[in-house]
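Working through the structure, step by step
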Amino acid sequence: MRLVEVVKKFSEYDFMRLFLADLVSKGITKIDVNELKFQLVKYYKDERYRLLFEEISLKQQIEGDFLELDDCLLNARLYGLLSNPIQKTNKRKIFIEEPSKIFNYYSDEYKNHMHELVSDYINELSKPKIAFVGSSKKFMNTFIEKLNNDEFLKDICPQVGEEFILNDNASKEEIRKYNELLNSGILNMTSEECLGYIYHDENGLVLKKRK
């Protein structure tokens, strides 16, 4: 009689279970499940973490890609790992007291990959966020990606004639100009539909009216 070893697949529930346990081990006890679907796309597309996402599907849409996590999030709630939504939010509490007990169910390969993913995820959450108005999240994601890859050419502003370098003195100068604008009375001249444009020269603020 020949024994055959049955290898259990790392399911989407396994992913969520191990992910939540690793979050708790690093001090994170609440998550926004709606944001999570979009936040994890970056790691889904990273070859380093392909092993963890084999049973999870990617949904593509104009507003931005997201992961199909509804079933595994429901199972996580049914098995007592997640709370119901906290009142008036999409956040849920993670109910895992001893992450090490969950870690014991998985091989070092899966645990090490998840440790790395969660560390990257937490570091990403700590970065300042850029808010924008508009419906095309995919456009903004592409813009940020190109910006990070230095794919845009820096140019000199034609009105200023020199490259703007942000430092402490430059910030103070911009604040001074802004206060000058507020005190100039120009912003109160709103009776005309289109006044023209404002620029700054050696004599101070100048309002150039349209002809």
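Details of the structure are given in the entry above.
Description of the structure in this document. Since this is a predicted model, take the numbers as computed values, not measurements. (Residues numbered from 1 in each chain as written. Predicted model: local features only at pLDDT ≥ 70, side-chain atom pairs only at ≥ 80, totals over all residues. Heavy atoms only, no water.)

1. Considerations on the overall build of the chain
Put simply, the rule reads: Secondary structure elements follow DSSP: runs of H or I no shorter than four residues count as helices, runs of E no shorter than two count as strands, and numbering proceeds from the N terminus. The cut-offs for exposure are 20% and 50% of the maximum accessible area for each residue type, with area from a 1.4 Å probe on protein chains only; residues under the lower value are buried, those over the upper are exposed, and the others partly exposed. Every residue pair with non-hydrogen atoms within 4.5 Å of one another is taken to be in contact.
Assigned secondary structure in the chain consists of eight helices and six strands. When the helices and strands of the chain are placed in sequence order, the string is α-β-α-α-β-β-α-β-α-α-α-α-β-β. The proportion of buried residues among the 211 residues of the chain is 27%. The contacts of the chain with a sequence gap of at least 6 include a subset with a gap of at least 24, amounting to 59%.

2. Observations concerning the side chain of Asp32
Just so we agree on the cut-off: Residues scored as charged are limited to Lys and Arg (positive) and Asp and Glu (negative), so that His and the chain ends carry no count. Salt bridge, as applied in this entry: a Lys or Arg side-chain nitrogen positioned within 4 Å of an Asp or Glu carboxyl oxygen. Any pair of nitrogen or oxygen atoms within 3.5 Å is treated as a polar contact; in protein, a donor-acceptor pairing is required on top of that, and neighbouring residues in sequence qualify only through side-chain atoms on both sides.
For Asp32, the position within the fold is in strand β1 (residues 30–32). Within the buried set, Asp32 has no salt-bridge partner at all; the shortest N-O distance to an opposite charge, 6.4 Å, is to Lys91. Reaching out from Asp32, the side chain makes a polar contact with the backbone nitrogen of Asn34 at a distance of 3.1 Å. When residues no more than four places from it in sequence are discounted, the contact partners of Asp32 are Asn90 and Lys91.

3. Some points on the environment of Glu98
Here Glu98 lies in the loop between β4 (91–93) and α5 (99–103). Exposure remark for Glu98: the relative accessible area of 42% places this residue in the partly exposed category.

4. Some points on helix α4 (residues 70–78)
Defined as follows: Think of the arc as the fan of directions from the helix axis to the C-beta atoms.
For α4, the complete set of buried residues consists of Cys72, Leu73 and Ala76. Down the axis, α4 shows its buried residues gathered within 100° of arc, on one side only. Set apart from the buried face of α4 by more than 90 degrees, the exposed residues are Asp71 and Leu78. In the core, the buried residues of α4 are packed alongside α1 (12–25) and α2 (33–39). Once α4 ends, the next one or two residues include Gly80, with phi positive near 80°.

5. As for the nonpolar core
Here is the rule we go by: Residues enter a nonpolar core if they are buried and are Ala, Val, Leu, Ile, Met, Phe, Trp, Tyr or Cys, with the set joined through side-chain atoms within 4.5 Å.
Formed by 39 residues in total, the largest nonpolar core has its most connected members in Phe15, Met16, Phe19, Leu20, Leu40, Phe53 and Leu117. Of all the secondary structure elements, the ones that give two or more residues to this core are α1, α2, α3 (41–44), α4, α5 and α6 (108–125). Broken down by element, the residue count for this core peaks at nine residues, all from α1. Discounting chain neighbours no more than four positions away, the residues touching Phe19 are Leu36, Leu40, Met114, Leu117, Val118 and Tyr121.

6. Some remarks on the packing of aromatic side chains
Applied cut-off: Each Phe, Tyr or Trp ring, with Trp reduced to its six-membered ring, pairs with another whose centre is within 6.5 Å; inter-plane angles below 30 degrees give stacked pairs, above 60 give edge-to-face pairs, and intermediate values give tilted ones. Here, a charge over a ring is recorded when the distance from Lys NZ or Arg CZ to the ring centre is within 6 Å and its angle to the ring normal is within 35 degrees.
Within this structure, the stated rule accounts for 10 aromatic pairs. When the centroid spacing of 5.8 Å and the interplanar angle of 10° are considered together, the rings of Phe15 and Phe19 count as stacked. One end of the pair, Phe15, and the other, Phe19, are both in helix α1, four residues apart, so they sit about a helical turn from each other. Exposure class is identical for Phe15 and Phe19. Each is buried. Three or more aromatic residues joined by ring pairs form one cluster here, namely Phe15, Phe19, Tyr43, Tyr44, Tyr49, Phe53 and Tyr121. Positioned above the aromatic ring of Tyr105, the side-chain terminus of Arg17 is 4.4 Å from the ring centre. The ring of Tyr44 has Arg50 lying over it, and the distance from NZ or CZ to the ring centre is 4.7 Å.

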